[in-house]
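For reference, the chains in residue letters:
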Amino acid sequence: MILAIASGKGGTGKTTVAVSLALSLAEWHPLFLDCDVEEPNAALFLRPELTESRKVGQLIPVVDEEHCTHCGRCAKVCEYHAIAVIGTQVLVFPELCHGCGSCMRQCPENAIHEELNVLGTLEQGWAGTVEFAQGMLNVGEALAVPVIRQLKQWAIPPEGSNRPVILDAPPGAACPVVETLRGADAVLLVTEPTPFGLHDLRAAVQVSREVEASRGMSLPIAVVINRAGVGDAGVEAYCAAEGLPILLRIPLERAIAEGIARGETLVSIHPEYQPALAGLWDTLAARVRLGG
Ligand code: SF4
Ligand code: SF4
């Protein structure tokens, strides 16, 4: 099973849950992907030995001025307004380019070729029996989606994996989260029982359901409540109304907060969470097998 762990906002404990879930499944040699490419921090807790890395990016058009007749065809076919012809100049805006190649294919003069615009780095290695991979977007780059896509293509075998695969999604509910959720078998949303937590949980559920609708088959969604005991009952009521099972409640506890701040994991602070998290995995895997 490929499980994406997401949250509508940062700071809910998403990575805390993802890391400890991977450690709870260690005997199955899980694959852990840190897809939060703008701010990957799972390595701080898993401390993997990284043995491989590669630069990743996106192909962008480069215009050969000698052959360009400034006909404007490339600008007309670009749906993203990433290329413009102004007088005798052709301007490419890499931050808008989706690398679709239409402009190159449609150029009547064959005056366009593609070059790699490096966006970031992928790294891979092992933390004990947990295989680990992460993507890191270069500072100043805005295109997280291609880095996440290439991280998944690089690390997850094309034929799928018999091992557990855990995707630690970026926070929020925008395109990088959608890209992370694509191809997942189930989604685990981590939230906190506050009005802010409820607001962001709603957004995360909506995104998950949009991904579910786009793939045309069931995408089981479940919830973990972190810092249980604070706030109000709004999240519990929402989950009940929406039919979202709450598979784990982690209380607000000083020992957990202090341990996490020191770079410890939930299961090293409280080993009793290990069977609870393994049970959570089994519950979700059973739902996936039953089709939702
Ligand atoms: S389509 Fe080709 S020839 Fe026409 S403006 Fe673009 S690059 Fe130049
Ligand atoms: S590759 Fe696609 S998105 Fe990029 S400039 Fe060409 S047509 Fe536009």
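In case you missed it, the structure is sitting above this.
Below you will find a few notes about this structure. (Residues numbered from 1 in each chain as written. Chains lettered and ligands numbered in written order. Predicted model: local features only at pLDDT ≥ 70, side-chain atom pairs only at ≥ 80, totals over all residues.)

## Topic: the environment of Pro176
1) Next: With respect to the helices and strands, Pro176 occurs in helix 6 (residues 175-181).
2) Next: Take Pro176: there are 23 C-beta atoms within 10 Å of it, and that puts it in the buried class.
3) Next: Each C-alpha atom of the pair Pro176 and Cys35 lies 8.4 Å from the other, and the pair is 141 residues apart in sequence.
4) Next: Setting aside chain neighbours within four positions, we find Pro176 in contact with Ala144, Val145, Ile148 and Pro170. (Helix = DSSP H or I, 4+ residues; strand = E, 2+ residues; numbered from the N terminus. Buried ≥ 20, exposed ≤ 12 C-beta atoms within 10 Å, placed from the backbone. Contact = placed C-beta atoms within 7 Å.)

## Some points on the site of ligand 1
1) Next: Contacts to ligand 1 come from 14 residues, most closely from Cys68, Cys71, Arg73, Cys74 and Cys107.
2) Next: The residue makeup of the shell around ligand 1, split by class, is nine nonpolar, three polar and two charged. (Near = placed C-beta within 6 Å. Nonpolar A, V, L, I, M, F, W, Y, C, P; charged D, E, K, R; others polar.)

## A look at the nonpolar core
In a soluble, globular protein the nonpolar side chains are often hidden away together inside.
1) Next: If you look at the biggest cluster of nonpolar residues, it comprises 71 residues, and the most contacted ones within it are Leu3, Ile5, Leu167, Val187 and Leu189.
2) Next: Val187 has contacts with Ala4, Ala6, Leu181, Ser208, Leu219 and Ile221, leaving out every residue within four places of it along the chain. (Core = buried A, V, L, I, M, F, W, Y, C linked by C-beta atoms within 7 Å.)

## Comments concerning the site of ligand 2
1) Next: Taken together, 13 residues are adjacent to ligand 2, and Cys78, Ala82, Cys97, Cys100 and Cys103 come closest.
2) Next: Counted by class, the shell around ligand 2 contains nine nonpolar, four polar and no charged residues.

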